[in-house]
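Here are the chains, one letter per residue:
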Amino acid sequence: MRAAALCSRIYVGSMTFETTEEQIRAAFAAFGPLKSITYQKDALTGKGKGFAFVEYVAPESANAALATMNNFILNGRLT
């Protein structure tokens, strides 16, 4: 996963366009309470654009997610 921590918000990239917000939530909720997920979708197709921002309530949760989810396979693709 190409990711950078910004306080309690992380960037998740290299996802398939078919990845859903529910799949992202399921993968990242294990590290702590989520504040928000920003997942952009293409206006014409409704598919994801291949990246998201996951924001946690606590910065420690974001750091744990970064440490664990880097190079994790999500929806069949290395993120």
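Refer to the structure printed above.
Just so it is clear, the structure is predicted and the values come from calculations on it, not from any experiment.

**Student:** Break down the overall build of the protein for me, with residues and values.
**Tutor:** When helices and strands are tallied, the protein shows two helices and six strands. From first element to last, N terminus to C terminus, the protein shows the α and β order β-β-α-β-β-α-β-β. A principal-axis box enclosing the C-alpha atoms of the protein has dimensions of 35 × 20 × 20 Å. A buried classification covers 34% of the 79 residues belonging to the protein. In the protein, the share of contacts with a sequence separation of at least 24, taken over all contacts with a separation of at least 6, comes to 59%. Total accessible area computed for the protein in this model is approximately 4,600 Å², and 56% of it derives from carbon and sulfur atoms.

**Student:** Describe the nonpolar core, naming the residues involved and giving the relevant values.
**Tutor:** In this structure, Ile 10, Met 15, Ile 24, Phe 28, Val 54 and Tyr 56 are the most contacted members of the largest nonpolar core, which totals 16 residues. Among the elements of the structure, β2 (9-12), α1 (21-28), β3 (34-41), β4 (48-56) and α2 (59-69) are those that each provide at least two residues to this core. If one sorts the elements of this core by residue count, α2 sits on top with four residues.

**Student:** Could you give an account of the pairing of β3, with specific residues and numbers?
**Tutor:** Sheet analysis places β3 next to β4, joined by six bridges and oriented antiparallel. Bridge assignment links Lys 41 to a residue of β4, and that residue is Gly 48. Remark: six residues form the turn of the hairpin made by β3 and β4, two consecutive strands paired antiparallel; Gly 46 in that turn has positive phi of roughly 80°.

**Student:** Can you tell me about the packing of aromatic side chains, naming the residues and giving the values?
**Tutor:** Taken as a whole, this structure holds three aromatic pairs when the rule is applied. Considering the side-chain rings of Phe 51 and Phe 53, the 6.2 Å spacing of their centres and the 85° angle between planes classify their relative orientation as edge-to-face. Since its relative accessible area comes to 25%, Phe 51 is described here as partly exposed. By way of ring pairs, the aromatic residues Tyr 11, Phe 51 and Phe 53 are connected into one cluster. A cation over a ring is seen here: Arg 9 above Phe 53, with NZ or CZ 4.4 Å from the ring centre.

**Student:** Can you lay out the side chain of Thr 16 for me, pointing to particular residues and giving the numbers?
**Tutor:** Counting through the fold element by element, Thr 16 comes out in the loop between β2 and α1. Polar contacts involving the side chain of Thr 16 include one to the side chain of Asn 75, which spans 3.0 Å. Excluding anything up to four places from it in sequence, Thr 16 contacts Tyr 39, Gly 50, Asn 75 and Arg 77.

Reading guide: rules and limits
Residues numbered from 1 in each chain as written. Predicted model: local features only at pLDDT ≥ 70, side-chain atom pairs only at ≥ 80, totals over all residues. Heavy atoms only, no water. Helix = DSSP H or I, 4+ residues; strand = E, 2+ residues; numbered from the N terminus. Buried < 20%, exposed > 50% of the residue type's maximum accessible area, 1.4 Å probe, protein only. Contact = heavy atoms within 4.5 Å. Areas by Shrake-Rupley, 256 points an atom, 1.4 Å probe, with all protein chains shown as cover. Core = buried A, V, L, I, M, F, W, Y, C linked by side-chain atoms within 4.5 Å. Pairing = 2+ DSSP bridges. Phe/Tyr/Trp six-rings, centres within 6.5 Å; stacked < 30°, edge-to-face > 60°. Lys NZ or Arg CZ within 6 Å of the ring centre and 35° of its normal. Polar contact = N/O pair within 3.5 Å; in protein donor to acceptor, adjacent residues only side chain to side chain.

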